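Fold and geometry: a report
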Amino acid sequence: MWNKEVETAQLEQMQSWQLARLRENLHRVYENVPFYKKKFDHIGFKPGDFKKLSDLNGLPFTLKNDLRDNYPFGLSALPMSEITRIQASSGTTGRPIIGTYTSSDVSNWGECCARALTASGIGKNDIIQVSYGYGLFTGGLGLHGGGETVGCTVLPTSSGITERQVTMMRDLGVDSLCCTPSYALTIADKANEMGIDIAPLKIRTGCFGAEPWSDEMRREIETRMGITAHNIYGLTEMMGPGMSFTCNSHDGWLHVNEDHIYPEIIDPVTEETLPYGEIGELVFTALSRQAMPLIRYRTRDISALDRKPCPHCRRTLIKMKKIMGRTDDMLIISGVNVFPSQIESLLLDTPEVEPQYVIVVRKKGHLDALSVDVEAKAHIYEQGQDIIREIAKKVEKHIHGVIGIHVAVRLVAPRSIQRSEGKAKRVFDTRNT
Ligand code: ADP
Ligand code: ZN
């Protein structure tokens, strides 16, 4: 464990840290961010009124649009002289979302990523290859900071130039790979092409995140690379990667660094706070962030929380369920809610296909129609159209049996789907274009 005192703290102790930090941040935003002063005044709330953690329930939410409306620095609580770093969200549409950091914010972020790396089995003697993109995207610099905090050797390859990723991993004896799960597969494919088998190499673990991925995808990465694949979660608005991470339990739950960010789950429609165990939208409140402390930020990520002790490690940090999808990614097909990751799980149940797919949504008359192109394994593709169609039908039946909607499945040629170097774009919605 990187920080045993915090990661195994008793609930009472944790809550007293949270309360103290929260009070401080409520004062900070009330006094320095006109957006929050206005919101708090509107409901007649004074930071001095805040007595217990559950008082958070009555406070207003912060939305993604509030960040866009207050672009670039409207939600910063400190003058530029205190800001030492700016990062931005990877979103490609609309105004970018900017995150500002003080040096203390950057060091807390390093601490959170250090806990994640340690939980994935990384220590001072190891080499980590950071193949998340460096730059405005928080993936690269986030894991880089975590690696430096741990004191391991950081190889900052960034994403891209995939052939070099493979040769450096082999030549330098890298212990851990940090990148998006889809890029991990791209690297594995490239290694194959180069005739290099990753499994026997020294690499034994990895921290993957920044996009939703199924358990089936995890197993695929683990077998192809001969490693244990860990999940790491975060978003630019609150910090970046490292907000939560998996231990060795691999039961689909991530420990949340709840001394730095306070999690809640709400019903996205009624906005009510939901009890532990129920599925809803994740909402976070910044506890230690100085430069841009967001209060009750609605992430649009779907998850659940659980306070039960972890059966595998002694961490007491609250757990969040692996992200099931983003409300913005949810497709409504003939009245049924579908997340792309559900389709991914079902595709990967099929041994004849590769974990490379795209989902297309289009209007068919008045109805929404969903189709999936998925790559056939090379030895299957060589067997000809009859076999290919038969397998496509089998996959269609499987999806229909589990989700209850008809999806037109096409098996396409190996390597015909574009490989990802960062966050994969797998859904193409043509309904409004
Ligand atoms: P965006 O993708 O919105 O442009 P970020 O680059 O900050 O912004 O990415 C944050 C988002 O990425 C999260 O809100 C979440 O939807 C997704 N994400 C990050 N880590 C994970 C993960 N481990 N599993 C699933 N989704 C993740
Ligand atoms: Zn655990």
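Residues numbered from 1 in each chain as written. Chains lettered and ligands numbered in written order. Predicted model: local features only at pLDDT ≥ 70, side-chain atom pairs only at ≥ 80, totals over all residues. Heavy atoms only, no water.

With that settled, the discussion passes to the packing of aromatic side chains. Inspection of every chain in the model, using the stated rule, returns nine aromatic pairs. For the pair tyrosine 36 and phenylalanine 40, a centre-to-centre distance of 5.9 Å together with 45° between the ring planes defines the contact as tilted. With tyrosine 36 and phenylalanine 40 both in helix H3 (residues 34–42) and four residues apart, the pair spans about one turn of that helix. Here the two residues tyrosine 36 and phenylalanine 40 agree in accessibility, since each one is buried. Plain terms: the ring middles of phenylalanine 40 and phenylalanine 45 are 5.1 Å apart, the flat faces sit at 85° to each other, and that makes the pair edge-to-face. Just as phenylalanine 40 is buried, phenylalanine 45 falls in that class too. Taken together through their ring pairs, the aromatic side chains of Tyr30, Phe35, Tyr36, Phe40, Phe45 and Phe50 make up a single cluster. The side chain of arginine 289 reaches across the aromatic face of tyrosine 101, ending 4.2 Å from its centre. In this structure, lysine 425 is placed above the aromatic ring of phenylalanine 428, and the distance from its NZ or CZ to the ring centre is 4.8 Å. (Phe/Tyr/Trp six-rings, centres within 6.5 Å; stacked < 30°, edge-to-face > 60°. Helix = DSSP H or I, 4+ residues; strand = E, 2+ residues; numbered from the N terminus. Buried < 20%, exposed > 50% of the residue type's maximum accessible area, 1.4 Å probe, protein only. Lys NZ or Arg CZ within 6 Å of the ring centre and 35° of its normal.)

For the rest of this paragraph, the subject is the domain arrangement of the chain. Domain assignment breaks the chain into domain 1 (1–327) and domain 2 (331–429). Once you take the C-alpha centre of each, domain 1 and domain 2 turn out to be 30 Å apart. Residue-level contacts link 25 residues of domain 1 with 17 residues of domain 2. Carbon and sulfur atoms make up 48% of the area that domain 1 and domain 2 hide from each other, which totals about 1700 Å². Its largest share of buried area at the contact with domain 2, domain 1 owes to Asp189, Glu216 and Met217, together 24% of the area lost on that side. At the junction of domain 1 and domain 2, the tally comes to four salt bridges. Across the salt bridge formed by arginine 415 and glutamate 193, the nearest N and O atoms sit 3.1 Å from each other. Where domain 1 meets domain 2, there are 11 residue pairs in polar contact (both at pLDDT 80 or more). (Domains from an automatic or database assignment. Contact = heavy atoms within 4.5 Å. Buried area = accessible area lost by both parts, 1.4 Å probe. Salt bridge = Lys/Arg side-chain N within 4 Å of Asp/Glu carboxyl O. Polar contact = N/O pair within 3.5 Å; in protein donor to acceptor, adjacent residues only side chain to side chain.)

Another point: the coordination of the zinc ion (ligand 2). Taken together, the protein ligands of the zinc ion (ligand 2) are Cys247 (SG), His255 (NE2), Cys310 (SG) and Cys313 (SG), with distances of 2.2 to 2.3 Å. Coordination at the zinc ion (ligand 2) is tetrahedral, judged from the four donor atoms that bind it and the angles of 99 to 114° they form at the metal. (Donors = N, O, S within 2.8 Å, 3.2 Å for Na, K, Ca; no water. Tetrahedral: all angles 85-135°; square planar, octahedral: opposite > 155°, others 65-115°.)

As a further point, take the sheet that holds strand E19 (residues 367–376). Strand order in the open sheet formed by four strands is E20-E19-E18-E21, with mixed pairing between adjacent strands. Edge positions in the sheet fall to strand E20 (407–412) and strand E21 (427–429), since each has one partner strand and no second. Pairwise comparison of adjacent strand axes, ignoring direction, gives a mean angle of 20° for this sheet. Judged from the nine bridges that link them, strand E18 (residues 353–364) and E19 form a sheet pairing that is antiparallel. Looking at E19, one finds that lysine 363 is bridged to aspartate 368. (Pairing = 2+ DSSP bridges. Axes fitted to C-alpha atoms, helices over the stretch in contact; angles between N-to-C directions.)

In this section: the side chain of threonine 186. Inspection of the secondary structure assignment puts threonine 186 in helix H8 (residues 181–193). Exposure remark for threonine 186: the relative accessible area of 9% places this residue in the buried category. For threonine 186, the contacting residues outside a window of four places in its chain are Thr162, Arg419 and Ser420.

This part covers the sheet that holds strand E3 (residues 127–130). If you walk across this open sheet you meet the nine strands as E4-E3-E5-E6-E7-E8-E9-E14-E13, and the pairing is mixed. Single-partner strands in this sheet number two, and they are strand E4 (153–155) and strand E13 (305–306). Pairing of strand E8 (residues 240–245) with strand E9 (residues 253–256) involves two bridges; the strand directions are antiparallel. Residue serine 244 lies in a different strand from E9, and its bridge partner there is valine 256.

Turning to the layout of surface pockets, a few remarks are in order. Considering only enclosed or pocket space, the largest pocket measures out at about 1500 Å³ in volume. Contributing to the lining of the largest pocket are 50 residues, with Ala210, Pro212, Arg326, Asp329 and Lys423 lying nearest its centre. Listed by contribution, the elements that provide at least two residues to the lining of the largest pocket are helix H4 (64–69), helix H6 (138–150), strand E7 (228–235), strand E12 (297–303), strand E15 (325–326), helix H10 (340–348) and E21. If one sorts the elements of the lining of the largest pocket by residue count, E7 sits on top with five residues. In terms of residue class, the lining of the largest pocket is made up of 20 nonpolar, 14 polar and 16 charged. (1 Å grid on protein atoms, 1.4 Å probe; cavity = no way out; pocket = protein on both sides within 12 Å on 5 of 7 lines; lining within 4 Å. Points joined across faces, edges and corners; volume = space filled by probe spheres on them. Nonpolar A, V, L, I, M, F, W, Y, C, P; charged D, E, K, R; others polar.)

What follows deals with helix H9 (residues 215–225). Along H9, the residues classified as buried are Glu216, Met217, Arg218, Glu220, Ile221, Glu222 and Met225. Downstream of H9 by a residue or two, glycine 226 has a phi angle that is positive, lying close to 65°.

The N-to-C vectors of helix H2 (residues 11–32) and H3 enclose an angle of 105°; their axes lie 5 Å apart at closest approach. Between H2 and H3, the crossing angle belongs to the class labelled roughly perpendicular. Contacts between H2 and H3 involve Leu26, Val29, Tyr30 and Asn32 from the first element and Pro34, Tyr36, Lys37, Phe40 and Asp41 from the second. The residue makeup of the contact of H2 with H3, split by class, is six nonpolar, one polar and two charged. (Parallel < 35°, antiparallel > 145°, perpendicular 65-115°, else oblique.)

So, about empty space enclosed by the protein. Scanning all chains against the criterion turns up three cavities of 30 Å³ or more. The space that makes up the largest cavity amounts to roughly 110 Å³. Lining of the largest cavity is provided by 13 residues; of these, Asp215, Arg218, Asn231, Thr246 and Lys322 occupy positions nearest its centre. If you list the elements that add at least two residues to the lining of the largest cavity, you get H9, E7 and E9. Of the residues assigned to the lining of the largest cavity, the class counts are four nonpolar, five polar and four charged. Counted as a void, the second largest cavity has a volume near 70 Å³. The wall of the second largest cavity is formed by Tyr101, Asp105, Asn108, Met238, Met239, His260, Ile261, Ala286, Ser288 and Arg289.

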